[in-house]
Amino acid sequence: MTIPDNRYGRWKEKLLNLVRSDPDPVKVSLAMALGFSAAFLPPFGFHTLLVMGLGYLFRVSVPLAILGTWINNPWTFIPVFLPSYVLEIKLGGILLEKKLNFPSLSALSRMPYKTVIAQIKLVLWPFIVGSVVFSCAVFVTSFFWFMGF
């Protein structure tokens, strides 16, 4: 007779305990929304550190904020990053009133190094501005979504 593997039950219980550790649903929603929205900000590879600092600064559950980030990154990096990259650059270009024509990723891969750097410089500020606005929109949306739970 084999003993059933209850691995997922334990993880589910740990996650529920983490969420239940803070009785304030607003703080739980803020922490998760902070983590979700951080995934759309530019400091790639440093989202966990960013969320740890912001969670501490805003006095919300840092483990929940990290959980929110880990739900979005790294598992969804490619499907989230590529479409949001284009949207964020276009949004930033509109907000900064810059007309941008940026090449496709396949065209970038065939360009000389200096040309690629010039293209990155061209879209850097629109990308930063667009990603901050996009991240704020994700924050508000995910906050209310988590408040519904």
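As a reminder, the structure under discussion sits directly above these lines.
Peer 1: Is there a simple way to explain the nonpolar core in this structure?
Peer 2: Generally speaking, nonpolar side chains in soluble globular proteins are found buried as a group. Ala31, Met32, Phe36, Leu64 and Ala65 are the most contacted members of the largest nonpolar core, which has 14 residues in total. Mapped by element, the contributors of at least two residues to this core are helix 2 (25–38), helix 4 (62–72) and helix 7 (113–147). In terms of residues, this core owes the most to one element, helix 2, which gives 6 residues. Apart from the residues within four sequence positions on either side, Ala65 is in contact with Ala31, Leu34, Gly35 and Val51.

Peer 1: Mind showing me how you'd approach helix 2 here?
Peer 2: Given 3.6 residues per helical turn, the α-helix brings residues three or four places apart onto the same face. Between the first and last C-alpha of helix 2 there are 20 Å, a value that for 14 residues agrees with the 20 Å anticipated at 1.5 Å per step. Here helix 2 has its buried residues at Val28, Ser29, Ala31, Met32, Ala33, Leu34, Gly35, Phe36, Ser37 and Ala38. For helix 2, the N-terminal cap is Asp24; the gap from its side-chain oxygen to the backbone nitrogen of Val26 is 3.1 Å.

Peer 1: Is there a simple way to explain the packing of aromatic side chains in this structure?
Peer 2: The description of an aromatic ring pair uses the distance of the two centres, along with the angle that the planes make with each other. This structure, assessed with the given rule, holds 5 aromatic pairs. Their ring planes at 40 degrees and their centres at 6.5 Å tell us that Phe36 and Trp145 sit as a pair that is tilted. Highlighted residues: Phe36 in helix 2 and Trp145 in helix 7, separated in sequence by 109 residues. Between Phe143 and Phe144, the aromatic rings sit 5.2 Å apart at their centres with planes inclined by 75 degrees, giving edge-to-face as the arrangement. Accessibility expressed as a relative area gives 14% for Phe143, which makes it buried. Members of the aromatic cluster, connected to one another through ring pairs, are Phe36, Trp145 and Phe146.

Peer 1: In this structure, what is going on with the packing of helix 3 (residues 47–57) against helix 4? I would like to understand it.
Peer 2: For any two helices packed against each other, the geometry comes down to the angle between their axes and how far apart the axes lie. Running from N to C, helix 3 and helix 4 point in directions that differ by 145 degrees, and their axes come no closer than 9 Å. As for the relative orientation of helix 3 and helix 4, their crossing is right-handed in sense. Across the interface between the two elements, His47, Thr48, Val51, Met52, Gly55 and Tyr56 of helix 3 pack against Val62, Ala65, Ile66, Thr69 and Trp70 of helix 4. Counted by class, the contact of helix 3 with helix 4 contains 7 nonpolar, 4 polar and no charged residues.

Peer 1: In this structure, what is going on with the environment of Leu96? I would like to understand it.
Peer 2: Positionally, Leu96 belongs in the loop between helix 5 (77–95) and helix 6 (105–110). When the C-alpha atoms of Leu96 and Val129 are compared, they prove to be 8.1 Å apart, with 33 residues separating the residues in sequence. Excluding anything up to four places from it in sequence, Leu96 contacts Trp125, Pro126 and Val129.

Peer 1: Hey, could you run me through the packing of helix 2 against helix 3 in this one?
Peer 2: Where helix 2 contacts helix 3, the axes come no closer than 10 Å and their chain directions differ by 145 degrees. Two packed elements cross with a definite hand, and for helix 2 against helix 3 that hand is right-handed. When helix 2 is examined against helix 3, the residues Leu34, Gly35 and Ala38 are found in contact with a partner set consisting of His47, Leu50, Val51, Leu54 and Gly55. Looking at the contact of helix 2 with helix 3 residue by residue, the classes come out as 5 nonpolar, 3 polar and no charged.

Each value, and the rule that gives it
Residues numbered from 1 in each chain as written. Predicted model: local features only at pLDDT ≥ 70, side-chain atom pairs only at ≥ 80, totals over all residues. Heavy atoms only, no water. Core = buried A, V, L, I, M, F, W, Y, C linked by side-chain atoms within 4.5 Å. Buried < 20%, exposed > 50% of the residue type's maximum accessible area, 1.4 Å probe, protein only. Helix = DSSP H or I, 4+ residues; strand = E, 2+ residues; numbered from the N terminus. Contact = heavy atoms within 4.5 Å. Expected span 1.5 Å × (residues − 1). Polar contact = N/O pair within 3.5 Å; in protein donor to acceptor, adjacent residues only side chain to side chain. Phe/Tyr/Trp six-rings, centres within 6.5 Å; stacked < 30°, edge-to-face > 60°. Axes fitted to C-alpha atoms, helices over the stretch in contact; angles between N-to-C directions. Left-handed = near helix turned anticlockwise from the far one by under 90°. Nonpolar A, V, L, I, M, F, W, Y, C, P; charged D, E, K, R; others polar.

Just distances and angles here, no functional claims.
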